[in-house]
Amino acid sequence: MKDYFYYQDRQFYAEQVSLTELAQNYGTPCHVYSRAALTDGYNQFAQALQGTEHLVCYAVKANPNLAILNIFARLGAGFDIVSGGELQRVLAAGGVAQKVVFSGVGKTEAEMRLALQAGILCFNVESAAELERLNRVAGEMGKVAPISLRVNPDVDAKTHPYISTGLKQNKFGVAYGDALALYQRARDLPNLQITGIDCHIGSQLTELSPFVAAIEKILVLVDALAAAGIRLAHIDLGGGLGIRYHDETPPSIAAYVAALQGALQGRTEKLLLEPGRVLVGNAGLMLSRVEYLKHGEEKNFAILDCAMNDLMRPALYDAYHEILPLSQENHPLDTYEVVGPICETGDFIGHARELAIAPMSLLAVLSTGAYGMSMSSNYNTRPRAAEVMVDGDAVHLVRERETIAQLYAAENLLC
Ligand code: LLP
């Protein structure tokens, strides 16, 4: 997907737009998304899944900007949400509730009510206690809640421990061994309707084998459920397909879908997927400016105008994001610690990067479309960056840069 961002005559472009001009017009830091890249990712799923009854539910948490949700909604996507707030975003962006699945271990009563009122496709229930609560809340509203159980298959996703979710010791889903009994309980509850089964084992997976291992375990359960008279309309295999940030070699979307289909062995239940990162990660980058170059005793520092509040992934997971100059100039090449202005040593964007830059140079931090803006904060009273969508030669401001006044508008002095 990185082809939507490319150099021409030593200048970096997004689709047909010069990123230097864009940075000058919209300021930095600024997140830039490519509509063509977003559309391409979704279409790769649609194409690979042709002939299979399916619904691609974009995982909103990866990037919840309304314009992005709207692009996916127009392409026919469903959505995977984890909060009432995400549901409201989906609806505001033109998504339909009937294509929404609701995941998460801590759904509140208010969130359940919102989702029941809207009429979502399915609650992915993650515990026995949640099952009971949902049954009660649905009953109080005179509704029947469609449910899947999110089953924890105890499979090692072989990814960063903070984003691995399918192991016994993780907080997610119901234990594999408890699932059958819980489905039987759900069948007996009057205000629930069993519609499917769900599993999500982690994020940024770069191998197919954990997905296949999870499916094999899920299918054993699907058969056991059928034997107990519980038939499912859909199988939801979650998200998790990784992207290339640096030197990873994740499978393509087509290879991933083929592996899932192979493991599913012609099952006829509708296939639901919840991809997040793979749809948006490499469809976005972040523009930033070098404020200072500082030559320390042991290291050189490039101090940018973006920071860990704009992109938390390096500080949180030691994640790698490529950094490129927007204009390839003949500045001296040097090795830099690329850092932000925040008062923490963890505030870095990249370690030991070779860059030919000067003070005021403009840079792109790549692969920030997923879990970039969505995990940003206002730490150090830093307004959140602007977000811009490029579409061919057109540029849309899809979120204005926050103002300082907005940051403390909801705060009060003592009276
Ligand atoms: N479905 C469920 C239930 C999830 O919990 C997630 C992500 C997804 C789908 C989408 O997964 P994806 O396709 O994006 O891998 N902040 C971390 C990633 C956290 C992922 C949490 N769950 C990061 O920046 O790497």
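Here the residue numbering is sequential within each chain, running from 1 through the sequence in written order. Residue-level local features of this predicted model are given only where pLDDT is at least 70; pairs of side-chain atoms are given and counted only at 80 or more, and the full residue set underlies all totals for whole chains, interfaces and linings. The basis for every side-chain value is the complete set of heavy atoms in the structure, and neither hydrogens nor water enter the calculation.

Draft legend 1. Main features of the pairing of strand β6 (residues 78–81). Whether a residue is buried, partly exposed or exposed follows from its accessible area with a 1.4 Å probe, protein chains only, as a fraction of its type maximum: under 20%, in between, or over 50%, in that order. Numbering of helices and strands runs from the N terminus, with a helix taken as a DSSP run of H or I at least four residues long and a strand as a DSSP run of E at least two residues long. Side-chain alternation along β6 places Gly-78 and Asp-80 on one buried face and Phe-79 and Ile-81 on a second face that is also buried. One bridge is not enough; two strands pair if DSSP finds at least two bridges between them. Relative to β6, strand β5 (residues 54–59) runs parallel, the two being bridged by 3 bridges. Looking across to β6, one finds that Ala-59 is bridged to Asp-80. Running through helix α3 (residues 66–75), the crossover from β5 to the neighbouring parallel element β6 is right-handed. Orienting the strands away from the viewer, one traces the path from the first strand over the helix to the second; a clockwise path indicates a right-handed crossover.

Draft legend 2. A look at the domain arrangement of the protein. Entries for the protein in the domain assignment read domain 1 (5–33 + 281–407) and domain 2 (104–273). Note on contacts: a residue pair is in contact if any heavy atoms of the two residues lie within 4.5 Å. Every contact between the two is made by 10 residues of domain 1 and, on the other side, 8 residues of domain 2. The junction of domain 1 with domain 2 conceals about 800 Å² of combined surface from both sides, 57% of it contributed by carbon and sulfur atoms. As used in this structure description, the phrase polar contact means that two N or O atoms lie within 3.5 Å; if the pair is within protein, one of them must be able to donate a hydrogen and the other to accept it, and residues adjacent in sequence are counted only when both atoms belong to side chains. Our count for the contact surface shared by domain 1 and domain 2 stands at 1 residue pair in polar contact (both at pLDDT 80 or more). Residue classes in the side of domain 1 that touches domain 2 are distributed as 4 nonpolar, 4 polar and 2 charged. What fixes the domain bounds is an automatic or database domain assignment. The term buried area means the drop in 1.4 Å probe accessible area that two parts suffer when joined, counted for both and summed. Throughout, the ten residues Ala, Val, Leu, Ile, Met, Phe, Trp, Tyr, Cys and Pro are labelled nonpolar, Asp, Glu, Lys and Arg are labelled charged, and all others, Gly among them, are labelled polar.

Draft legend 3. Broad picture of the site of the ligand. We define proximity as follows: a residue is near a molecule or strand when any one of its heavy atoms falls within 4 Å of that partner. In the region of the ligand, 19 residues are neighbours, and Ser-203, Glu-274, Arg-277, Arg-313 and Tyr-371 sit closest. Note that a nitrogen atom of the ligand is positioned 3.2 Å from one of the side-chain N or O atoms of Asp-80. Measuring from an oxygen atom of the ligand, one finds a side-chain N or O atom of Tyr-371 at 2.7 Å. Using the Shrake-Rupley algorithm and a 1.4 Å probe, accessible areas are obtained, with residue cover drawn only from the displayed protein chains. Against a free-state accessible area of 590 Å², the protein chains account for coverage of 92% of the ligand. When residues of the shell around the ligand are sorted by domain, at least three fall in each of domain 1 (5–33 + 281–407) and domain 2 (104–273).

Draft legend 4. How the structure looks around the sheet that holds strand β2 (residues 11–14). Strand order in the open sheet formed by 3 strands is β1-β2-β3, and the pairing between neighbours is antiparallel. For this open sheet the edge positions go to β1 (5–8) and β3 (17–18), each flanked by a neighbour on one side alone. Two elements, β1 and β2, share 4 bridges in a ladder whose sense is antiparallel. Looking across to β2, one finds that Gln-8 is bridged to Gln-11.

Draft legend 5. Just unusual backbone geometry, in detail. Cis geometry marks the peptide bond from Thr-28 to Pro-29, where omega comes out at -10 degrees. Topologically, Pro-29 is positioned in the loop between α1 (19–26) and β4 (30–34). One non-glycine residue, Ala-352, adopts positive backbone phi at about 45 degrees. At Ser-367, a residue that is not glycine, the phi angle is positive and equals roughly 60 degrees. Counting through the fold element by element, Ser-367 comes out in the loop between β19 (362–365) and β20 (386–391). The exposure class assigned to Ser-367 is buried, which follows from its relative accessible area of 1%.

Draft legend 6. Focus on the side chain of Asn-282. Structurally, the position occupied by Asn-282 is in the loop between α10 (277–280) and β14 (284–295). Overall, the relative accessible area of 9% leaves Asn-282 in the buried class. Side-chain polar atoms of Asn-282 contact the backbone oxygen of Arg-244, separated by 3.1 Å.

Draft legend 7. Region of the structure containing the pattern of salt bridges. Any Lys or Arg side-chain nitrogen found within 4 Å of a carboxyl oxygen on Asp or Glu counts as a salt bridge. Using the criterion set out here, one finds 14 salt bridges in the structure. For Asp-391, the salt bridge identified is with Arg-35, shortest N-O distance 3.0 Å. Linking Asp-391 in strand β20 with Arg-35 in helix α2 (residues 35–48), this pair joins segments that are 356 residues apart in sequence. Members of the salt-bridge network, linked through shared partners, are Glu-109, Arg-113, Arg-136 and Glu-140.

Draft legend 8. Focus on the environment of Leu-293. Along the chain, the position of Leu-293 falls in strand β14. Between the alpha carbons of Leu-293 and Ile-215 there is a distance of 51 Å; along the sequence they are 78 residues apart. Here Leu-293 is in contact with Phe-301, Ala-302, Tyr-336, Ile-357, Ala-358 and Pro-359, once residues within four sequence places are set aside.

Draft legend 9. Seen up close, the pairing of strand β9 (residues 145–152). β9 sits mainly inside the fold: 8 of its 8 residues count as buried. Two strands pair when backbone bridges link them, and strand β8 (residues 122–125) and β9 are joined in this way by 3 bridges, in the parallel orientation. The residue bridging Phe-123 from the neighbouring strand is Ile-147, located in β9. For the crossover from β8 across helix α6 (residues 128–141) to β9, the handedness is right-handed. As judged from the 6 bridges shared by β9 and strand β11 (residues 192–198), these two strands associate in the parallel manner. Paired with Ile-147 across the two strands is Ile-194, which belongs to β11. As judged from the 2 bridges shared by β9 and strand β10 (residues 174–175), these two strands associate in the parallel manner. Counterpart to Val-151 in the pairing with β10 is Val-174.

Draft legend 10. Highlighting the packing of α2 against α3. Note on geometry: axes are C-alpha line fits, over the in-contact stretch for helices, and angles between N-to-C directions span 0 to 180 degrees. Put simply, α2 and α3 touch, their axes get as near as 10 Å, and they point 40 degrees apart. By the angle between their axes, α2 is oblique relative to α3. Relative to α3, the crossing made by α2 is right-handed. Here Arg-35, Leu-38, Thr-39, Tyr-42 and Asn-43 of α2 come into contact with α3, specifically with Ile-68, Ile-71, Phe-72, Arg-74 and Leu-75. By residue class, the composition of the contact of α2 with α3 is 6 nonpolar, 2 polar and 2 charged. For classification purposes, an angle smaller than 35 degrees is called roughly parallel, one larger than 145 roughly antiparallel, one from 65 to 115 roughly perpendicular, and anything else oblique. In a left-handed crossing the near helix is turned counterclockwise from the far helix by less than a right angle, and in a right-handed crossing that turn is clockwise.

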